[in-house]
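Listed below are the residues making up each chain.
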Amino acid sequence: MKRFLATGFSFAVACFFSAVAAAQIPAPAAPAVEAKAWLLLDVNSGQVLASHNANDRFAPASLTKLMTAYLAFGALKQKSLKPEQVVPVSTRAWKAEGSRMFIEPNKPVTVDELLRGMIIQSGNDASIALAEAIGGNEEVFAQMMNREAKRLGLTNTNFTNATGLPNPELRSTGQDLSQLVVALIRDFPEHYALYSQKEYRYNNITQANRNRLLWLDPTVDGVKTGYTENAGYCLITSARRGERRLISVILGTTSESARATESQKLLNWGFQFYDSVRLYARNQPVTQLRVWKGASDMLKAGFTSDLYVALPKGQSDKLKATVESLQPLLAPVNPGQRVGTLKLEIDGKPWRELPIVALESVPVAGIFGRTWDSLRLLIK
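Now for a quick tour of the structure.

The rules behind each value
- Residues numbered from 1 in each chain as written.
- Predicted model: local features only at pLDDT ≥ 70, side-chain atom pairs only at ≥ 80, totals over all residues.
- Heavy atoms only, no water.
- Salt bridge = Lys/Arg side-chain N within 4 Å of Asp/Glu carboxyl O.
- Helix = DSSP H or I, 4+ residues; strand = E, 2+ residues; numbered from the N terminus.
- Pairing = 2+ DSSP bridges.
- Axes fitted to C-alpha atoms, helices over the stretch in contact; angles between N-to-C directions.
- Buried < 20%, exposed > 50% of the residue type's maximum accessible area, 1.4 Å probe, protein only.
- Contact = heavy atoms within 4.5 Å.
- Patch = residues over 30% accessible without salt bridge, like charges linked within 9 Å, V, L, I, M, F, W, Y side chains within 5 Å.
- Areas by Shrake-Rupley, 256 points an atom, 1.4 Å probe, with all protein chains shown as cover.

Side chains that differ in charge, positive against negative, can pair when their charged atoms come close. By the definition in use, this model includes 16 salt bridges. Close ionic contact of Glu256 with Arg212 constitutes a salt bridge, the shortest N to O distance being 3.8 Å. A residue pair is termed long-range when its members are at least 10 positions apart, and Glu256 in helix H9 (residues 256–273) and Arg212 in the loop between strand E5 (205–208) and helix H8 (213–216) qualify at 44 residues. Between Glu324 and Lys343 there is a salt bridge, with the nearest N and O atoms lying 3.4 Å from each other. Remark: Lys343 occurs in strand E14 (residues 338–346) and Glu324 occurs in strand E13 (residues 319–325); sequence separation between them is 19 residues.

So this is what it looks like as structure tokens:
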């Protein structure tokens with residue numbers, strides 16, 4: 001591989017970092033969190049800033065409804081559901097246990113009302129009614145949930161119902177749930193505002209959103225609470241301050257107040273002690289690479305998404321980037337094709353590796369150009 005120095009620092013969006021990287025950045029200790037499992041994610045960079053038991057499987061309780069909402073939003077986008085569509089209320093939905101929005105079999109209820117009842121009031125009855133509207137019955141809908149979980153890469157998650165009511169086979173992890181929230185915000189921003197609404201009134205009953213942080217922290221705009229005796233008190237919180245968004249996942253605390261306190265503690269720590277550094281913008285050339293046997297000798301290379309990294313405050317000036325090109329790079333080259341690696345170092349120690357892709361196409365040269373480059377490569 002041929003090495004180039006990457007210059008021009010300044011990037012935006014989550015990407016996956018290579019596990020090849022080794023160096024540990026000097027970072028402030030994470031706060032003590034009273035929960036069975038927890039995680040703090042920097043959304044821009046996709047980096048987990050701190051975690052505990054994040055890949056252990058737990059009962060997700062009503063956090064399950066995040067996937068129910070994801071599928072419902074998808075159905076709205078595909079127009080197989082409409083917001084004003086009236087949904088029949090089955091006896092099963094009407095008699096759902098646990099938290100409810102109090103739908104009734106003989107009272108018309110729309111998809112929009114059910115979404116608010118599920119998201120704001122955490123209604124199990126609303127969740128089942130939506131599942132039946134989308135999948136025909138809750139069992140088929142659970143299969144749809146698992147297919148979508150697989151597509152999203154939620155490898156330690158299994159859904160058995162649309163509500164999160166206890167089932168021995170219902171499980172997820174802090175890591176998987178954080179990625180589900182990222183997907184929900186990314187794929188359906190037009191619906192995400194529902195998670196910030198503090199109360200909803202249906203059937204002459206007003207119920208408050210159980211996420212206390214919506215009242216305590218103006219930067220919090222979601223996401224979801226959960227509770228069963230087996231799961232304990234759970235909360236996934238998302239907060240945006242400036243251009244940064246953090247997501248905290250708290251599983252298995254002992255009370256409603258504890259899950260709010262521990263979530264706020266994690267969020268404050270992440271915003272206070274970490275910066276989100278933009279390296280390169282979407283489609284901004286990081287470097288130009290030599291191409292052989294092509295109609296053009298040089299190729300612009302970079303990233304198709306904006307790129308951020310999360311660093312402890314005061315560490316960004318120690319960050320250095322170099323590019324290694326996949327050489328010899330032979331035409332044809334297509335946009336999006338991997339053509340090199342961006343290597344990040346902190347204080348001279350390897351930290352992260354990222355694939356660099358072609359930002360343009362380079363078709364094959366004519367016979368004379370190919371022959372000439374073949375001779376030059378032979379000499380090299």
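Once that is clear, we can look at the sheet that holds strand E6 (residues 220–228). The strand order E3-E2-E8-E7-E6 describes an open sheet built from 5 strands, whose pairing is antiparallel. Looking at which strands have only one partner, the edges of the open sheet turn out to be strand E3 (47–52) and E6. Ignoring which end each strand starts from, the neighbouring axes of this sheet average 10° apart. With 5 bridges joining them, strand E2 (residues 37–42) and E3 adopt antiparallel strand pairing. Within E3, the residue paired with Leu40 across the bridge is Ala50.

Here we take up the environment of Ser316. Structurally, the position occupied by Ser316 is in the loop between strand E12 (307–312) and E13. A residue is classified by how much of its surface remains accessible, and Ser316, at 40% relative accessible area, is partly exposed. On a C-alpha basis, the gap between Ser316 and Tyr274 in space is 10 Å, while along the polypeptide they are 42 residues apart. Residues contacting Ser316, with those up to four places away along its chain left out, are Val277 and Leu311.

All right, on to a nonpolar patch on the surface then. A contiguous nonpolar patch, built from Ile367, Phe368, Trp372 and Leu375 and spanning about 510 Å² of accessible area, is present on the exposed surface. The topology assignment puts Trp372 in helix H10 (residues 367–379).

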